[in-house]
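Now for the letters of each chain:
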Amino acid sequence: MGRLVHGDAVDELHGPDLLGRATQSSSPASPASAGATLSDLLVQSLTRHSSSEAFVADDRRLTHAHVRSLVSQYMGALSRRGVGLGVGVTMLSPNMPESWIVQAATYLLGGRFTGLQALASVQDHIVVCEDAEAAVPVVSATLEEHGPQVLDQVQFGDVAGEHRGDSAGGDQVSNGPDHG
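Summary of the structure given here.

Definitions and limits used
Residues numbered from 1 in each chain as written. Predicted model: local features only at pLDDT ≥ 70, side-chain atom pairs only at ≥ 80, totals over all residues. Heavy atoms only, no water. Helix = DSSP H or I, 4+ residues; strand = E, 2+ residues; numbered from the N terminus. Buried < 20%, exposed > 50% of the residue type's maximum accessible area, 1.4 Å probe, protein only. Contact = heavy atoms within 4.5 Å. Areas by Shrake-Rupley, 256 points an atom, 1.4 Å probe, with all protein chains shown as cover. Salt bridge = Lys/Arg side-chain N within 4 Å of Asp/Glu carboxyl O. Core = buried A, V, L, I, M, F, W, Y, C linked by side-chain atoms within 4.5 Å. 1 Å grid on protein atoms, 1.4 Å probe; cavity = no way out; pocket = protein on both sides within 12 Å on 5 of 7 lines; lining within 4 Å. Points joined across faces, edges and corners; volume = space filled by probe spheres on them. Nonpolar A, V, L, I, M, F, W, Y, C, P; charged D, E, K, R; others polar. Expected span 1.5 Å × (residues − 1). Pairing = 2+ DSSP bridges. Axes fitted to C-alpha atoms, helices over the stretch in contact; angles between N-to-C directions. Parallel < 35°, antiparallel > 145°, perpendicular 65-115°, else oblique.

What about the overall build of the protein chain?
Then step 1. Check the secondary structure of the protein chain and you find six helices and eight strands.
Then step 2. In the protein chain, the succession of α and β elements from N to C terminus is β-α-α-β-β-α-β-α-β-α-β-α-β-β.
Then step 3. Counting over 180 residues, the protein chain shows a buried share of 45%.
Then step 4. A separation of at least 24 residues holds for 72% of the contacts in the protein chain among residues at least 6 apart in sequence.
Then step 5. Accessible surface for the protein chain amounts to roughly 8900 Å². Of this, 50% is attributable to carbon and sulfur atoms.

Comments concerning the pattern of salt bridges
As a working rule, side chains carrying opposite charge can pair if their charged atoms are close by.
Then step 1. All told, the structure shown has two salt bridges when counted by the stated rule.
Then step 2. One salt bridge in this structure joins Glu53 and Arg61, with 3.1 Å as the shortest N-O distance.
Then step 3. Taking relative accessible area as the criterion, Arg61 reaches 55% and is therefore assigned exposed.
Then step 4. The salt bridge involving Arg60 is made with Glu98; its shortest N-O contact spans 2.8 Å. Within this pair, whereas Arg60 is found in strand β3 (residues 60-63), its partner Glu98 is found in helix α4 (residues 97-108), the two being separated by 38 residues in sequence. Take Arg60 and Glu98: they sit in the same class, and that class is buried.

Digging into the nonpolar core
Then step 1. The biggest cluster of nonpolar side chains holds 24 residues, and the ones touching the most others in it are Val71, Leu78, Val83, Val89 and Val102.
Then step 2. Listed by contribution, the elements that provide at least two residues to this core are α2 (38-48), α3 (64-80), β4 (88-93), α4 and β6 (136-140).
Then step 3. No other element matches the six residues that α3 contributes to this core.
Then step 4. Residues Leu92, Ile126, Val139 and Leu143 belong to the second largest nonpolar core, which totals twelve residues.

A few points about empty space enclosed by the protein
Then step 1. Scanning the entire structure with this criterion turns up one cavity of 30 Å³ or more.
Then step 2. Of the voids in this model, the largest cavity is the one considered here, and its volume is about 40 Å³.
Then step 3. Together, Thr90, Leu92, Leu116, Cys129, Pro137, Val138, Val139, Gly147, Val150, Leu151 and Phe156 line the largest cavity.
Then step 4. Every element with two or more residues in the lining of the largest cavity is listed here: β4, β6 and α6 (147-153).
Then step 5. When the residues that make up the lining of the largest cavity are grouped by side-chain class, the tally is nine nonpolar, two polar and no charged.

Considering the environment of Val56
Then step 1. Structurally, Val56 is set in strand β2 (residues 53-57).
Then step 2. Between the C-alpha atom of Val56 and that of Met96, which follows or precedes it by 40 residues, the distance is 9.3 Å.

Notes on unusual backbone geometry
Then step 1. The phi dihedral of Asp58 is positive, around 55 degrees, even though this residue is not glycine.
Then step 2. The residue Asp58 is located in the loop between β2 and β3 in this model.
Then step 3. Despite not being glycine, Glu133 has its phi angle at roughly 50 degrees, a positive value.

Focus: α3
Then step 1. Between its first and last C-alpha, α3 extends 24 Å over 17 residues, near the 24 Å set by a 1.5 Å rise per residue.
Then step 2. With twelve of 17 residues buried, α3 is to be regarded as a mostly interior element.
Then step 3. Along α3, the residues classified as buried are His64, Val67, Arg68, Leu70, Val71, Ser72, Gln73, Tyr74, Met75, Gly76, Ala77 and Leu78.

Notes on the pairing of β3
Then step 1. Across the two faces of β3 the burial differs, with Arg60 and Leu62 buried and Arg61 and Thr63 not buried at all.
Then step 2. Linking β2 to β3, which pair antiparallel, is a turn of two residues; within it Asp58 sits at a positive phi near 55 degrees.

Looking at the packing of α2 against α3
Then step 1. Here α2 crosses α3 at 135 degrees, and the two axes come no closer than 7 Å. Regarding the angle of α2 to α3, the classification is oblique. Contacts from Ser45, Leu46 and Thr47 of α2 reach α3 at His64, Ala65, Val67, Arg68 and Val71.
Then step 2. Grouping the constituent residues of the contact of α2 with α3 by class yields four nonpolar, three polar and one charged.

What follows is the structure in structure tokens.
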């Protein structure tokens, strides 16, 4: 249990498609007044437009199908760390597709998401993390020099009785060497 770091390996992110059940029960797109939730809209969009590009970042092009797979994988990784209804997740990352992907995975699990601006100071990050009452931090591997300073100084909340944010023993999860 602990923090997530993405950018180096893919071991933990392989697993079942957690969005599959939601897709099977989702109805076609409907107006917001008909009761569609954010989760419904995310799953419908990622499924309906599976072959079109969702993100273009530098030389990377991610289709909706690929993004859907990554969202599902992050849902599994976050769920294993206790993310669920009302649990706060923070992410320290530059502007990259994975920021949106982790945010979507958090929302689909019922959690709360707070993004941390990559250029802000360590002190700013500490204030935001504490104010957000975050339980699970996610740190981009591209910011590993800055991330530990935040992790060492923030008291992340408890999820299922376990302390979060112990940078000495936190688990690391990544999404591949080509995503850093």
